[in-house]
Amino acid sequence: MQFDLSAVETGTLVFIGTLVFALVLVLFVAAAAFAALVLVGVGRLAWLVIAAALLRTVHGINHAWDGLVHHASTVEFPTEFQGQPSPSTGTYPRVALRDS
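Residues numbered from 1 in each chain as written. Predicted model: local features only at pLDDT ≥ 70, side-chain atom pairs only at ≥ 80, totals over all residues. Heavy atoms only, no water.

Peer 1: An account of the overall build of the protein chain is needed here, citing residue identities and associated values.
Peer 2: From N to C terminus, the protein chain includes one helix and zero strands. The 100 residues of the protein chain split such that 0% are buried. Per element, the accessible surface of the protein chain, about 10,200 Å² overall, is 70% carbon and sulfur. (Helix = DSSP H or I, 4+ residues; strand = E, 2+ residues; numbered from the N terminus. Buried < 20%, exposed > 50% of the residue type's maximum accessible area, 1.4 Å probe, protein only. Areas by Shrake-Rupley, 256 points an atom, 1.4 Å probe, with all protein chains shown as cover.)

Right, dumping it as structure tokens:
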């Protein structure tokens, strides 16, 4: 048994065509929304990875600095440093400012 489209009314064909067109649009919008969600998710994941790496770097620098300061506070010098006299630069003459 063959299906004859000439027996179907024009209004019915237009209605079915409209439904098919609407289905194509819905699928397109759904695919675009899914792609947008994936891109937002990838961007969020990248942001979290970068932020965590930066935070670990800052904590590592702080930890190293803490260790350095703690080590420096425990160092004892065998003798006191002797002050060295600084070379004299002489006296500078005062500059007299004239009224303009």
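Peer 1: Give a description of a nonpolar patch on the surface that names residues and reports values.
Peer 2: Together, Phe15, Ile16, Leu19, Val20 and Val24 make up a nonpolar patch on the protein surface, roughly 480 Å² of accessible area in all. Position of Val20 among the secondary structure elements: in helix H1 (residues 10–74). (Patch = residues over 30% accessible without salt bridge, like charges linked within 9 Å, V, L, I, M, F, W, Y side chains within 5 Å. Salt bridge = Lys/Arg side-chain N within 4 Å of Asp/Glu carboxyl O.)

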